[in-house]
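# Topology and contacts: notes
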Amino acid sequence: NPQQLTLGDVPEVWGHRRDLWTWWPDARIEGYLVYPITSIGAGLHFEFAGDAFEMLFAGHDAKITWVADGRYMATSLIETTLDNGVTGAPLSATNRFVRFEFGSRAVRRVSVYGWSAQGPCAVAIAANDQLRAWDRSGEASFCAMADSYAGGNGLHWRNGPFWEAAALLGIAHLDIDAIGGTGYARVATNLQTSDPSNAFAGRLANKVLAKPDLFLTAGGLNDNNSMSAVDANGNVIYASPAEALAGFNAAVTGYYTELRAALPNCVLVATGPWAPRQSTPTDPIAQSKADTIQAALQAAGGPWVFLDNLNGGWANSAGAGTTQGGAWQTGTGNSAAPAGDGNADLYLSADGVHPNQAGVVYLANRLATELRAALQAL
């Protein structure tokens with residue numbers, strides 16, 4: 001409503017990330033200036049008295065996770081209209097209200113996590129209904145630094161297994177930084193991944209501004225610690241395997257040193273590199289990366305948790321740990337070409353690298369289960 005206060009009229013707006021929200025300088029819908037929150041994904045939390053409300057999504061391709069009183073209101077990520085659970089047209093139209101109907105009037109605590117090309121920017125309610133602020137800023141927050149494994153939709157969430165894991169842990173706030181093909185150090189795959197600013201350390205300054213309570217780093221799959229390498233323009237990144245090893249080790253150590261200095265009280269969590277194609281025994285190159293990551297995490301100082309996805313188990317800075325469980329990703333096949341030798345037949349997509357939706361959910365469950373046990377033992 002142009003006659004009411006908008007984000008454009010107030011000097012500052014604070015959210016769970018504890019930094020300043022910014023707004024688009026000139027986003028208009030049918031001539032009206034609107035202020036989308038973010039296209040990356042916004043969690044909107046409020047108490048609502050009524051039986052239905054509507055939310056305006058700027059841009060196109062809305063995707064929604066809807067939670068009320070701690071329960072999912074749909075069986076999966078909402079990407080289409082739903083009439084009593086029956087899917088209809090995709091929510092692909094530009095600048096549209098989406099209506100959420102409960103079917104009965106009550107007071108509920110509602111969370112709507114929404115994504116679209118520009119983001120959610122308004123909530124509409126009936127004249128006799130009420131919408132009140134629900135301040136969740138004091139609840140735990142979780143940041144994940146990752147590669148393309150943070151992409152792809154899970155069952156209820158976007159952004160790979162990390163949103164799903166956060167929800168299983170009861171964490172309402174998650175911030176994700178993910179660029180496909182990247183890692184702790186420069187990677188020679190393309191010009192984007194060979195740019196130092198796209199390596200994990202190059203993206204860290206913006207992430208620590210949120211001052212999360214828990215910071216998870218999942219990388220190493222794309223990293224090179226064993227071969228000479230040149231970038232897409234032919235520039236030498238590593239002149240020899242020894243340089244690659246030294247470069248990776250230095251990047252990992254520097255990353256965790258910087259991370260701990262920026263977040264002295266945060267619980268730092270790391271996994272080893274993902275292993276979409278199992279090697280038995282564990283591939284020595286992958287194991288050496290995991291060993292470097294765990295050593296750097298330990299040297300940075302607690303509190304920390306290392307999740308050993310290559311072999312199973314976990315360790316934490318309190319000296320607790322377990323070696324049970326086995327490798328998270330097993331087998332040499334994928335969902336399009338099963339090999340009958342592991343869970344990759346169920347959980348790995350046809351590209352042979354990334355998890356499918358079932359795999360995202362599976363990895364989220366492993367993350368949440370192992371991390372919960374490790375956190376409780378700190």
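Conventions and cut-offs
Residues numbered from 1 in each chain as written. Predicted model: local features only at pLDDT ≥ 70, side-chain atom pairs only at ≥ 80, totals over all residues. Heavy atoms only, no water. Helix = DSSP H or I, 4+ residues; strand = E, 2+ residues; numbered from the N terminus. Rg over C-alpha atoms; globule rule 2.2 N^0.38 Å. Contact = heavy atoms within 4.5 Å. Areas by Shrake-Rupley, 256 points an atom, 1.4 Å probe, with all protein chains shown as cover. Lys, Arg positive; Asp, Glu negative; His and termini not counted. Charge placed at Lys NZ, Arg CZ, Asp CG, Glu CD. Buried < 20%, exposed > 50% of the residue type's maximum accessible area, 1.4 Å probe, protein only. Pairing = 2+ DSSP bridges. Right-handed = clockwise from strand over helix to strand, strands pointing away. Patch = residues over 30% accessible without salt bridge, like charges linked within 9 Å, V, L, I, M, F, W, Y side chains within 5 Å. Salt bridge = Lys/Arg side-chain N within 4 Å of Asp/Glu carboxyl O. Expected span 1.5 Å × (residues − 1). Arc of directions from axis to C-beta.

## What about the overall build of the protein?
- The number of helices and strands found in the protein is seven helices and 19 strands.
- What you see for the protein is a C-alpha radius of gyration of 22 Å, in line with the 21 Å of a compact globule of 378 residues.
- Projected onto its principal axes, the C-alpha coordinates of the protein cover approximately 70 × 45 × 45 Å.
- Pairs at least 24 apart in sequence give 68% of the contacts found in the protein among residues at least 6 apart.
- Total accessible area computed for the protein in this model is approximately 17300 Å², and 52% of it derives from carbon and sulfur atoms.
- Positive and negative charge centroids in the protein, built from 22 and 33 side chains respectively, lie 4 Å apart.

## Some thoughts on unusual backbone geometry
- Residue Pro281 is bonded to the preceding Thr280 through a cis peptide linkage, with omega at 0°.
- Residue placement: Pro281 occurs in the loop between β16 (267–271) and α5 (284–300).
- A positive phi is found at Asn84, a non-glycine position, where the angle reads about 55°.
- Within the secondary structure layout, Asn84 lies in the loop between β6 (80–83) and β7 (86–90).
- The exposure class of Asn84 is exposed, given its relative accessible area of 80%.

## Notes on the pairing of strand β17 (residues 304–307)
- Both faces of β17 are covered, namely the face carrying Trp304 and Phe306 and the face carrying Val305 and Leu307.
- Pairing of β16 with β17 involves four bridges; the strand directions are parallel. Looking at the pairing, Val269 lines up with Val305 of β17.
- In this view, the connection linking β16 to its parallel neighbour β17 by way of α5 has right-handed handedness.
- Here β17 pairs with strand β18 (residues 314–316) via three bridges, running antiparallel. Residue pairing in the sheet places Leu307 in a bridge with Trp314 of β18.
- With antiparallel pairing between neighbouring strands as the criterion, β17 and β18 make up a hairpin whose turn holds six residues, including Gly312 at a positive phi of roughly 95°.

## Some words on a nonpolar patch on the surface
- Nonpolar side chains collect at one region of the surface, where Val123, Ile125 and Leu131 lie side by side and expose about 210 Å² of accessible area between them.
- Examined against the element boundaries, Leu131 turns out to sit in strand β10 (residues 130–133).
- On the basis of relative accessible area, Leu131 is assigned to the partly exposed category, the value being 38%.

## Section: helix α4 (residues 241–262)
- Between its first and last C-alpha, α4 extends 32 Å over 22 residues, near the 32 Å set by a 1.5 Å rise per residue.
- Along α4, the residues that are buried comprise Ala244, Phe248, Ala251, Val252, Tyr255, Tyr256, Leu259 and Arg260. Across the axial projection of α4, the buried residues extend over an arc of 150°, all falling on one side. The outward face of α4, more than 90 degrees from its buried face, is lined by the exposed residues Ala242 and Ala261.
- Elements in contact with the buried residues of α4: β11 (141–146), α3 (204–208), β13 (214–218), β15 (236–238), β16 and α5.

## Remarks on the pattern of salt bridges
- Tallied over the full model, the rule gives nine salt bridges.
- With a closest N to O distance of 3.0 Å, Arg109 and Glu47 form a salt bridge. Note that Arg109 is positioned in strand β8 (residues 96–115) and Glu47 in strand β3 (residues 42–58), a separation of 62 residues in sequence.
- A relative accessible area of 40% means that Arg109 is categorised as partly exposed.
- Relative accessible area serves as the criterion here: at 18%, Glu47 is assigned to the buried category.
- In this structure, the salt-bridge partner of Arg105 is Asp129, at a minimum N-O distance of 2.4 Å. Taken as a pair, Arg105 in strand β8 and Asp129 in the loop between β9 (119–124) and β10 lie far apart in primary sequence, 24 residues in all.
- Look at Arg105 and you get exposed, because its relative accessible area is 52%.
- Within this structure, Glu47, Arg109 and Arg132 form a network of salt bridges that share partners.

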